[in-house]
Amino acid sequence: MAKKRVSKTAKKKVHHTSHTDDHSFLIIAGGGFVIISIIMLFLYNQPSSTEKMMYETANTITSEDQRVVSMNDSMFTPESLTVKVGESVTWRNDGMTDHNIVSDDDVFTTGVLAKGEEGSYTFTKEGTYSYHCSIHPEMTGTIVVE
Ligand SMILES: [Cu+2]
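Calculation criteria
- Residues numbered from 1 in each chain as written.
- Predicted model: local features only at pLDDT ≥ 70, side-chain atom pairs only at ≥ 80, totals over all residues.
- Helix = DSSP H or I, 4+ residues; strand = E, 2+ residues; numbered from the N terminus.
- Buried ≥ 20, exposed ≤ 12 C-beta atoms within 10 Å, placed from the backbone.
- Pairing = 2+ DSSP bridges.
- Contact = placed C-beta atoms within 7 Å.
- pLDDT = per-residue confidence, 0-100.

Points about the environment of Ser134
Here's step 1: Position of Ser134 among the secondary structure elements: in the loop between strand S8 (127-132) and strand S9 (140-145).
Here's step 2: Note on Ser134: 13 C-beta atoms within 10 Å, which makes it partly exposed.
Here's step 3: Note: C-alpha distance between Ser134 and Val102 (32 residues apart in sequence) is 6.6 Å.

Description of the sheet that holds strand S4 (residues 88-93)
Sheets are built from strands paired through backbone hydrogen bonds, the pairs being either parallel or antiparallel.
Here's step 1: Taken together, the 4 strands give an open sheet; going across it, the order is S2-S1-S4-S7, and neighbouring strands pair in mixed fashion. Edge positions in the sheet fall to strand S2 (76-77) and strand S7 (118-122), since each of these pairs with one other strand and no more.
Here's step 2: Pairing geometry for S4 and S7, over 5 bridges, is antiparallel. Directly across from Thr90, in S7, lies its bridge partner Ser120.

Description of the pairing of S4
Consecutive residues of a regular strand have side chains that alternate between opposite faces of the sheet.
Here's step 1: Every second residue of S4 is oriented toward a common face, the buried set being Val89, Trp91 and Asn93 and the non-buried set Ser88, Thr90 and Arg92.
Here's step 2: Alignment of strand S1 (residues 67-71) against S4, held across 5 bridges, turns out to be parallel. Residue pairing in the sheet places Arg67 in a bridge with Val89 of S4.

Considerations on unusual backbone geometry
Keep in mind that most residues, glycine aside, have a negative phi and that most peptide bonds are trans.
Here's step 1: The step from Thr77 to Pro78 runs through a cis peptide bond, and the omega angle for that step is -5 degrees.
Here's step 2: The phi torsion at Asp106 lies on the positive side, around 60 degrees, for a residue other than glycine.
Here's step 3: By C-beta crowding, Asp106 is classed as exposed, having 7 other C-beta atoms within 10 Å.

Digging into the environment of Glu79
Here's step 1: With respect to the secondary-structure elements, Glu79 resides in the loop between S2 and strand S3 (80-83).
Here's step 2: Given 11 C-beta atoms within 10 Å, Glu79 falls into the exposed group.
Here's step 3: Those residues in contact with Glu79, other than ones at most four positions away along the chain, are Gly141 and Thr142.

Points about the confidence of the model for the protein chain
Here's step 1: With 55% of its residues at a pLDDT of 70 or more, the protein chain shows a mean pLDDT of 75.
Here's step 2: For the protein chain, helix H2 (residues 49-63) is the element with the lowest average pLDDT, namely 46, and S8 is the one with the highest, namely 98.
Here's step 3: Low pLDDT (under 50) marks residues 9-18, which in the prediction has 0 contacts with non-local residues, meaning those over four places away or in another chain.
Here's step 4: Ignoring residues within four places in sequence, the model shows residues 52-63, a span with pLDDT below 50, making 5 contacts including any to other chains.

Spelled out as structure tokens, the structure:
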């Protein structure tokens, strides 16, 4: 009699556990679906037209013979530019106030550039050149020459 009761309880327990597992599987599967949906939404929304345009603009700049860094009134764009030995970089003042380029190790400078003016420097040695605007020291950039 006692033996029968134990076996009945055990059977019930097994059934209960298996039912819980099925339920957990549904929750996991449902959660996975939600996560995949979020990822899909993220991927579809990711390259907004503005970001795509910025990417294409950056690509256009680096594929030109003359590399151009735009100076606005707070930063250089691109902040870091990679060129090859023998190539020249042009800094164009797209801001409203005067800016200049001074390399941190005094290798090159453009002198003061007013709004709309450009200055260039041709890199003949490989290396990483940090530079700044001496009028606005918070404006910094880097040219990597390979
Ligand atoms: Cu400046």
